[in-house]
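Each chain, letter by letter, is given below.
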Amino acid sequence: MTTPSAPLAPTPGQTVGPFFHYALPYPGDRDLVPQGSPGSVRLHGTVHDGAGAPVPDALVEIWQAGPDGRVVQEHGSLRRDGFTFTGFGRASTTRAGHYDFSTLLPGPTDPGAAPFFAVTVFARGLLHRLFTRAYLPADAPGASAEALAADRLLASVEESRRTTLVATTDAPTPASAASGVLGLRFDIHLQGGSETVFLAYPGH
Amino acid sequence: MPEPVLAPQADVDAEMAAITGAYEQAGVVETQPRRDYAPYRSSLLRHPTKSLHHADPETIELWAPCFGPTDVDPLEADLTVQHTGEPIGERMVVTGRVTDGEGRPVRHQLVEIWQANAGGRYVHKRDQHPAAVDPNFTGVGRCLTDGDGWYRFTTIKPGPYPWKNHRNAWRPAHIHFSMFGTEFTQRVVTQMYFPGDPLFALDPIFRSIVDPAARARLVASYDHDVTTHEWATGYRWDIVLTGSNRTLTETDTEDGDH
Ligand SMILES: [Fe+2]
């Protein structure tokens, strides 16, 4: 065992740059479960810059618990077999700045906890990755207003900015009614009046 | 559309020098790039203006996605064998160890790289640099660290390339790296540079890390012990992720068979 000592200085980050599209995306990257499969949800949104314009060269990653609230430690995110849920997904934004995941609802990792997706954002022009959380809205299965109100992180954020951390439920459409796929929207604002609350963890 | 008028290098140099001067005056050591770094023009509208919110990592954030042999073919670590012929340029090996802030190896974890070819050209539809595409070089690699945190790639030394940040702007040669740690909070994407690059002082992306000692952590060192006889030159670059918050279990600290 190593004895704890003064932390080593970290290797600094740098921007993902404009040329990641032929390297980081891979087939099935955004489909943690096959699109439209029973019980699946669509988590999607637009990444905006400080002028409100969509960011067409961003990369969004999610990391989440399974529906039972357990942390998944399964291989296979890079080569999806269609059956194994790995909890990790990656989506590059479209020309309209939109990202899209097909996944399952995360369950509460601890009894009574408010479930959320852990989110990482990269982009050309963004010099160092950003972290945030996308909480399930109160009306989503497994979520509740009580759990959201009791959440420590949400409580520590000023009220006017709290909504930037909570996804919203899409209005049903004929397509969503037919497939039964719940839509969750989580827009990301890198800067500006509706700037998303981004997180710093200890050691950052 | 008329071509935008680009600032000369001297203007960008003056902006960077002013920021460096203020940093030295302030006397508080920084280890990461500034997201708000105006000399890198694309950052202007893409950096948060409010300070980051402190979060204590909760359960899911104390774990990282897990990758394994199903995810990565060992051949993906050799970027020189992805086509029928030999790519053009200086064949090189880059290797190093990935550890957390306590020096503990990050075992069996994913490392992804991408880069320009020897002429400074990416295989990307948006790259308009009029340098040749090498039909024998794509410039994308992946590997898993071994049981002691080591990664190793065989590739071609990338060339510097121009970009449109300002007039006559050139990026120092670099390889893009993407790493996962043992927990979510350690995720990082960065760029590795080569020793002695004359473009360092002129590059606002490199210099967005205002601390010179922190910048030096992105520069690989030439290592003759990595260089191989009549085959490839060798570079060593170690990666330290931000400290770990989770109390590591035996699976993390033993070199298990998974
Ligand atoms: Fe690059």
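In this text, all values refer to a predicted model and were calculated from it rather than measured experimentally. (Residues numbered from 1 in each chain as written. Chains lettered and ligands numbered in written order. Predicted model: local features only at pLDDT ≥ 70, side-chain atom pairs only at ≥ 80, totals over all residues. Heavy atoms only, no water.)

(A) Structural context of the nonpolar core. Ranked by size, the top nonpolar core spans 42 residues in total, and within it V111, Y151, F153, F177 and W237 of chain B carry the most contacts. Counting only elements with at least two residues in this core, the list comes to α1 (9-26), β2 (91-99), β3 (110-115), β5 (150-156), β8 (174-179), β9 (188-193) and α2 (204-207) of chain B. Considering each element in turn, this core owes the most residues, 4 residues, to α1 of chain B. Among the nonpolar cores identified, the runner-up in size contains 32 residues, and L130, A134, A140 and A143 of chain A belong to it. (Core = buried A, V, L, I, M, F, W, Y, C linked by side-chain atoms within 4.5 Å. Buried < 20%, exposed > 50% of the residue type's maximum accessible area, 1.4 Å probe, protein only. Helix = DSSP H or I, 4+ residues; strand = E, 2+ residues; numbered from the N terminus.)

(B) The interface of chain B and chain A, seen in detail. Each partner contributes residues to the interface: chain B has 84 residues there, and chain A has 77 residues. When the buried surface of chain B facing chain A is broken down by residue, R46, H53 and I60 of chain B rank first, second and third, together holding 12% of it. With a shortest N-O distance of 3.3 Å, E58 of chain B and R133 of chain A are connected by a salt bridge. Linking chain B with chain A are 46 residue pairs in polar contact (both at pLDDT 80 or more), by the criterion used here. Mapped by element, the contributors of at least two residues to the side of chain B that touches chain A are β1 (53-54), β3, β4 (140-144), β8, β9, α2 and β12 (239-240) of chain B. For the side of chain B that touches chain A, the element with the highest residue contribution is β9 of chain B, accounting for 5 residues. Here the side of chain B that touches chain A is built from residues that sort into 37 nonpolar, 27 polar and 20 charged. Where strand β10 (residues 199-200) of chain A lies against β1 of chain B, 2 bridges are found, and the strand directions are parallel. Its bridge partner being in β1 of chain B, L199 of chain A is matched across the sheet by H53 of chain B. (Contact = heavy atoms within 4.5 Å. Buried area = accessible area lost by both parts, 1.4 Å probe. Salt bridge = Lys/Arg side-chain N within 4 Å of Asp/Glu carboxyl O. Polar contact = N/O pair within 3.5 Å; in protein donor to acceptor, adjacent residues only side chain to side chain. Nonpolar A, V, L, I, M, F, W, Y, C, P; charged D, E, K, R; others polar. Pairing = 2+ DSSP bridges.)

(C) Geometry of the coordination of the iron ion. All names here are of chain B. Taken together, Y122 (OH), Y161 (OH), H174 (NE2) and H176 (NE2) make up the full set of protein donors to the iron ion, lying 1.9 to 2.2 Å away. Here the donor residues for the iron ion map to a single chain with the spacing Y-x38-Y-x12-H-x1-H. Remark: H174 occurs in strand β8 and Y161 occurs in strand β6 (residues 161-163); sequence separation between them is 13 residues. Residue Y161 shares its accessibility class with H174, and that shared class is buried. (Donors = N, O, S within 2.8 Å, 3.2 Å for Na, K, Ca; no water.)

(D) Representation of the pattern of salt bridges in the model. A complete count under the given rule lists 24 salt bridges over all chains for this structure. The shortest N-O distance in the salt bridge between D187 of chain A and R185 of chain A comes to 3.1 Å. D187 of chain A gets classed as partly exposed once you look at its relative accessible area, which sits at 27%. Take R185 of chain A: its relative accessible area is 27%, and that puts it in the partly exposed class. Because the salt bridges share partners, they merge into one network encompassing E61, R79 and R90 of chain A together with E76, E112, R142 and R187 of chain B.

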